[in-house]
Amino acid sequence: MPSTTPHTKVAIIGSGPAGLTAGIYAGRALLDPIIVAGTEFGGQLMTTTEVENFPGFPEGILGPDLIERLKQQAVRFGTQLISENVTQIDIESRPFRLTTERSSLTADAVILATGADSKWLGLESETHLRGHGVSSCATCDGFFFRGKEVAVIGGGDSAMEEALFLTRFATKVYIIHRRNELRASKIMQERAKNHPKIELILETEVKEILGDDFVTGIHLLNNQTNETKNLPVSGVFVAIGHIPNSHFFKGQIATDDKGYVLIDDRYRGSVSGIFVAGDLHDHHYRQAITAAGAGCAAALEAERYLAHELHTNVQKG
C-alpha cells in the first residue's frame with residue numbers, strides 16, 4: 001500500500017453506464033475523477049447480449065462492447081479506474097475517505113453509481129442460459145421474442161408489468177408463481193388475469209431451465225400435488241425483485257425501506273457532497289440510457305458543488 005493516500009476531486013463508485021458516463025463528464029470538467037470500478041466491471045450490461053435501444057447504435061451493440069466503449073471514452077478524458085470493491089465510505093470526514101479491499105483514497109465529492117442486482121432463482125441452468133433466453137428485463141429483451149411463448153417468474157407488480165409488456169411481442173405469456181395467490185396490487189392482477197395472452201400457473205416452482213445453447217422450456221413442480229411437467233417456452237423472465245448495492249454505506253445515507261438511495265431533483269443524496277446515479281436510486285426505469293443520463297447529471301452537479309465549495313473557501317480565506 002502506498003505511503004500517501006491518493007486524492008481526487010471526484011470519486012465515482014461503480015462502472016456501469018451511470019458510473020462511466022459520470023467519468024466522461026467529470027473528466028471533461030478536469031476533475032481528475034477516479035472510478036472505483038469493482039471487481040465485476042460493467043454491471044448488468046456485461047451479461048446482456050444484444051442492446052438495441054441505446055441511441056447511436058442503429059444496428060445494435062453487445063452489452064460488453066458498449067461498456068468497453070464507455071470505458072475508453074472516460075479514460076480518454078483522464079479518468080482513472082481502480083478494479084476494487086469499496087468496502088466502506090467515511091462520510092463524516094472531509095474529504096471523504098473510501099476504503100477498498102486493498103487500499104484507500106480520499107475525495108472532495110462522491111458519485112454513487114453501484115446499481116442494483118437482480119434477484120435470481122439460483123439455478124445452475126439459469127446462470128448458464130442468462131443472456132441466451134433468460135433475462136430480468138422485459139423492456140430490454142422482449143423484442144427478441146416476437147411470435148414466441150415465454151414465461152415470467154414472480155407474483156408482484158413487477159412481474160405483472162413484465163408480463164403485460166411481453167404480450168406486445170410474445171404469442172403467449174405464462175406467469176409462474178410459487179404461492180396460491182399473487183402479491184401484486186389488485187389492479188395489476190386484474191389486468192394480467194384478463195389479458196387473453198396471459199395464463200397464470202400458481203403454486204408452482206421452476207426447478208430447472210431447459211436448453212443447451214438457448215432456452216427451450218422449463219421444468220415445473222406443483223408444490224401442492226408434487227406433480228412435475230415440462231413447459232415449452234423460448235424465454236424466461238425472472239421478476240422476483242432487485243437488491244440495490246447500498247450495503248457498504250448502510251445507515252449513513254438515507255434510503256427507502258428497500259435500500260434504494262433517496263435523492264432530490266439534483267441527484268443529491270442526504271449528505272452534502274454525495275451524488276447518486278443509476279439503478280441505485282432508480283427502480284422504475286432501470287435502463288442503460290436513463291442510467292447514463294443520471295450519470296451525466298450527477299457529474300454536472302458534482303462539478304457545481306465543487307466550484308461553490310472552492311468559491312466559499314476562497315471568500316473565507
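Predicted model only: the values in this text are computed from it and were never measured. (Residues numbered from 1 in each chain as written. Predicted model: local features only at pLDDT ≥ 70, side-chain atom pairs only at ≥ 80, totals over all residues. Heavy atoms only, no water.)

## Brief notes about unusual backbone geometry
- A cis amide bond links arginine 94 with the next residue in sequence, proline 95, at an omega value of 5 degrees.
- Positionally, proline 95 belongs in the loop between β6 (86–90) and β7 (96–100).
- Even without glycine at this site, glutamate 203 takes up a positive phi of about 55 degrees.
- One can find glutamate 203 in the loop between β13 (198–201) and β14 (204–210).
- Relative accessible area serves as the criterion here: at 24%, glutamate 203 is assigned to the partly exposed category.
- Positive phi, close to 60 degrees, is recorded for tyrosine 267, a residue that is not glycine.
- Tracing the backbone through its elements, the reader meets tyrosine 267 in the loop between β18 (242–244) and β19 (274–276). (Helix = DSSP H or I, 4+ residues; strand = E, 2+ residues; numbered from the N terminus. Buried < 20%, exposed > 50% of the residue type's maximum accessible area, 1.4 Å probe, protein only.)

## Focus: the sheet that holds strand β11 (residues 149–153)
- The 5 strands are arranged β10-β17-β11-β12-β13 in an open sheet whose pairing can be described as parallel. Strands with a single pairing partner mark the edges of an open sheet, and in this sheet they are β10 (134–135) and β13.
- Of the strand pairs in this sheet, β10 and strand β17 (residues 235–238) are connected by 2 bridges, and their pairing is parallel. In the strand pairing of β17, valine 134 is matched with valine 236.
- Each of β11, β12 (172–176), β13 and β17 is contacted by helix α5 (residues 157–166), which is oriented at about 170 degrees to β11, the strand it contacts most. (Pairing = 2+ DSSP bridges. Contact = heavy atoms within 4.5 Å. Axes fitted to C-alpha atoms, helices over the stretch in contact; angles between N-to-C directions.)

## Looking at α5
- Among the 10 residues that make up α5, 7 are buried, leaving the element largely enclosed by the rest of the structure.
- Within the span of α5, buried status applies to Ala159, Met160, Glu162, Ala163, Leu164, Phe165 and Leu166.
- Where the residues of α5 are buried, they touch α4 (138–141), β11, β12, α6 (186–193), β13 and β17.

## Considering the pairing of strand β15 (residues 217–222)
- Bridge analysis of β14 against β15 gives 6 bridges, and the strand direction is antiparallel. Counted as the bridge partner of glutamate 205 is leucine 221 from β15.
- Hairpin connection of β14 to β15: 6 residues between the antiparallel strands, including glycine 211 at a positive phi of 130 degrees.
- Between β15 and strand β16 (residues 228–232), which follow one another and run antiparallel, lie 5 residues, and asparagine 226 among them has a positive phi close to 65 degrees.

## Things to note about the environment of glycine 60
- Examined against the element boundaries, glycine 60 turns out to sit in the loop between β3 (50–51) and β4 (61–62).
- Put simply, glycine 60 and arginine 146 are 86 residues apart on the chain and 17 Å apart in space, counted from C-alpha to C-alpha.
- What glycine 60 contacts, discounting residues up to four positions off in sequence, is Glu50, Val51 and Glu52.

## Quick look at the packing of helix α1 (residues 17–28) against helix α2 (residues 63–76)
- α2 packs onto α1 with a crossing angle of 25 degrees between their chain directions and a minimal axis gap of 8 Å. By the angle class used here, α1 and α2 are roughly parallel. In this structure, α1 crosses over α2, and the sense of that crossing is left-handed. Packed against α1, whose contacting residues are Pro17, Leu20, Thr21, Gly23 and Ile24, the element α2 presents Ile67, Leu70, Lys71, Gln73 and Ala74 at the interface.
- Here the residues of the contact of α1 with α2 are counted per class, giving 6 nonpolar, 3 polar and 1 charged. (Parallel < 35°, antiparallel > 145°, perpendicular 65-115°, else oblique. Left-handed = near helix turned anticlockwise from the far one by under 90°. Nonpolar A, V, L, I, M, F, W, Y, C, P; charged D, E, K, R; others polar.)

## Describing the packing of aromatic side chains
- Tallied over the entire structure, the rule returns 8 aromatic pairs.
- Between the aromatic rings of phenylalanine 145 and phenylalanine 237, the centroid separation amounts to 5.4 Å while the plane-to-plane angle is 75 degrees, which identifies the pairing as edge-to-face. Taken together, the residues span a long stretch of sequence, with phenylalanine 145 in the loop between α4 and β11 and phenylalanine 237 in strand β17 at a distance of 92 residues. Just as phenylalanine 145 is buried, phenylalanine 237 falls in that class too.
- A ring pair is formed by phenylalanine 275 and tyrosine 305, whose centres lie 5.8 Å apart and whose planes are at 65 degrees; its orientation type is edge-to-face. With phenylalanine 275 in strand β19 and tyrosine 305 in helix α7 (residues 288–316), this pair connects stretches of sequence that are 30 residues apart. One exposure class covers both phenylalanine 275 and tyrosine 305, and it is buried.
- Taken together, the ring pairs in this structure connect Phe143, Phe144, Phe165 and Phe169 into an aromatic cluster.
- The side chain of arginine 130 reaches across the aromatic face of tryptophan 120, ending 3.9 Å from its centre. (Phe/Tyr/Trp six-rings, centres within 6.5 Å; stacked < 30°, edge-to-face > 60°. Lys NZ or Arg CZ within 6 Å of the ring centre and 35° of its normal.)

## A closer look at the pairing of β7
- Residues Phe96, Leu98 and Thr100 of β7 are buried on one face, while the alternating residues Arg97 and Thr99, pointing to the opposite face, are not.
- Of the pairings in the sheet, the one linking β6 to β7 comprises 4 bridges and is antiparallel in character. Paired with glutamine 88 across the two strands is threonine 99, which belongs to β7.
- Taken together, β6 and the strand that follows it, β7, pair antiparallel across an intervening segment of 5 residues.
- Note that β7 and strand β8 (residues 104–112) share 4 bridges and pair antiparallel. Each residue of the ladder has a partner; that of phenylalanine 96, found in β8, is alanine 107.
- Hairpin connection from β7 to β8: 3 residues lie between these consecutive antiparallel strands.

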